[in-house]
Amino acid sequence: MIKEMSPYGGEELLTEKLPVEWITYEYFKKSGIDVSEFFSGVNHVTLNTCSKTGYQYWKPYSIAGSELFYKVMASSTPFYYRSDRWEYPMVRKLLKKDDDILEISCGQGFFLKSIEGSVNSGTGIEFSQYAIDNKVTVYPIRAAMIEDIAKEDIKFDVVCSFQVLEHVVNPKEFIQGCLDVLKPDGRLVFSTPNDSAIAAQNKTDCWDLPPHHMGKYTEDIYRKIGEEFGLEILALKQQTRGAVTIPVTHANQKKLLYRVFKKLLAVTSRILFRVTNEPGHTIVCVFKRNA
């Protein structure tokens, strides 16, 4: 029997199996949308682990979100393309005045907008025409894939991709495509959801499931990726978990005691999470491609 191989080249190990019926219910409960049509008759999805890297990924690959899926998500979810992210300030500090920047799957271009005038040039690529038609930056956003850019005679000082790698079913080829357009000594920046976060571990957020997300990342996975491609890690940081409060009825939300308790709980939670370094939603990793 031929063994299946993972996207990063290790043996594929079956880890978990989930019914599509439960996943579609979770999407409807959170976002009010019916995603059943995007599973194309699939009844179950499997979570698999790469024996080589520990990377976990969902199958079948055919259920990965299509342009129509993301259009539905964006049109039904306010601020789906977020104007700011936790990782943006950290990445902006790494940029230089003469840098040429490429952002992959840039959405409407909010990050590009935030660096206008502070770098030499910015370019975005995006497969969602909805996002391109509603772009917010003066920098160009092209309807192209990284493979298309790699065929052109152009190189960038920084290639970044925020909250994208987890959507990709061929991550090794995707990363190689990024490296193909990166200058020697260039920087490659990824941010993804943090699979070490408790919400990811408990599967309490359906957006971390297919067809939205197809792969899972941790700090250790990024270290393995660096080894795989011979990249130096300049920065690897996980977001600290934010404060949480207990859901209550609308009537109780108006009471002074609840408002006081909510504020005290938020302050206590923030202190505790910082002391214990409780993993939050996001990881950001900055690689350097040595000449």
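Since the model is a prediction, treat every value here as computed from it, not as a measurement. (Residues numbered from 1 in each chain as written. Predicted model: local features only at pLDDT ≥ 70, side-chain atom pairs only at ≥ 80, totals over all residues. Heavy atoms only, no water.)

**With respect to the packing of aromatic side chains**
So the rule is basically this: A pair of aromatic rings is counted whenever rings of Phe, Tyr or Trp (Trp by its six-membered ring) have centres within 6.5 Å, and the orientation is called stacked for planes under 30 degrees apart, edge-to-face for over 60 and tilted otherwise. Labels follow the DSSP assignment, with helices taken as runs of H or I lasting at least four residues and strands as runs of E lasting at least two, numbered in each case from the N terminus. When a residue's accessible area, from a 1.4 Å probe over protein chains only, is under 20% of the maximum for its type it is buried; when over 50% it is exposed; and in between it is partly exposed. Counted as over-ring charges are cases with an Arg CZ or a Lys NZ within 6 Å of the ring centre that also lie within 35 degrees of the ring normal.
One pass over the structure, following the stated rule, counts 15 aromatic pairs. A centroid spacing of 5.8 Å and a plane angle of 90 degrees characterise the contact between Tyr70 and Phe127, whose relative ring orientation is edge-to-face. Placement of the pair is Tyr70 in helix α2 (residues 67–76) and Phe127 in the loop between β5 (121–125) and α5 (129–133), with a sequence separation of 57 residues. On the accessibility criterion, Phe127 (36% relative accessible area) is partly exposed. One aromatic cluster in this structure is built from Tyr8, Tyr55, Tyr57, Tyr61, Phe174, Phe190, Tyr217, Tyr222 and Phe287. Above the face of the Tyr61 ring, Lys59 is positioned so that its terminal group lies 5.3 Å from the ring centre.

**Concerning a nonpolar patch on the surface**
The following threshold applies: Patch construction takes residues with relative accessible area above 30% that form no salt bridge. Like charges are linked within 9 Å, and nonpolar side chains (Val, Leu, Ile, Met, Phe, Trp, Tyr) are linked within 5 Å. Throughout, the Shrake-Rupley method with a 1.4 Å probe supplies accessible areas, and for residues the shown protein chains are the sole cover considered. Any carboxyl oxygen of Asp or Glu within 4 Å of a side-chain nitrogen of Lys or Arg constitutes a salt bridge here.
A surface patch of nonpolar side chains, amounting to about 300 Å² of accessible area, comprises Leu256, Val260 and Leu264. Residue placement: Leu256 occurs in helix α11 (residues 256–276).

**Things to note about the sheet that holds β5**
What counts, and what does not: At least two DSSP bridges between two strands are required for those strands to pair. Pairs of residues are marked as contacts when any of their non-hydrogen atoms sit within 4.5 Å. In this description, a line fitted to the C-alpha atoms serves as the axis of each element, helices being fitted only across the stretch in contact, and the angle between N-to-C directions of two axes falls anywhere from 0 to 180 degrees.
The strand order across the open sheet built from 7 strands is β6-β5-β4-β7-β8-β11-β10, with neighbouring strands paired in mixed fashion. At either end of the open sheet lies a strand with only one pairing partner, and these are β6 (141–142) and β10 (232–240). When β5 meets β6, the two strands line up parallel, connected through 2 bridges. Note on β6: the bridge partner recorded for Gly124 is Ile141. On top of the sheet, helix α7 (residues 171–180) reaches β4 (100–104), β7 (156–162) and β8 (182–193); it is set at about 145 degrees to β8, its chief contact. Lying over the sheet, helix α9 (residues 219–229) contacts β8, β10 and β11 (279–288), oriented at roughly 165 degrees with respect to β10.

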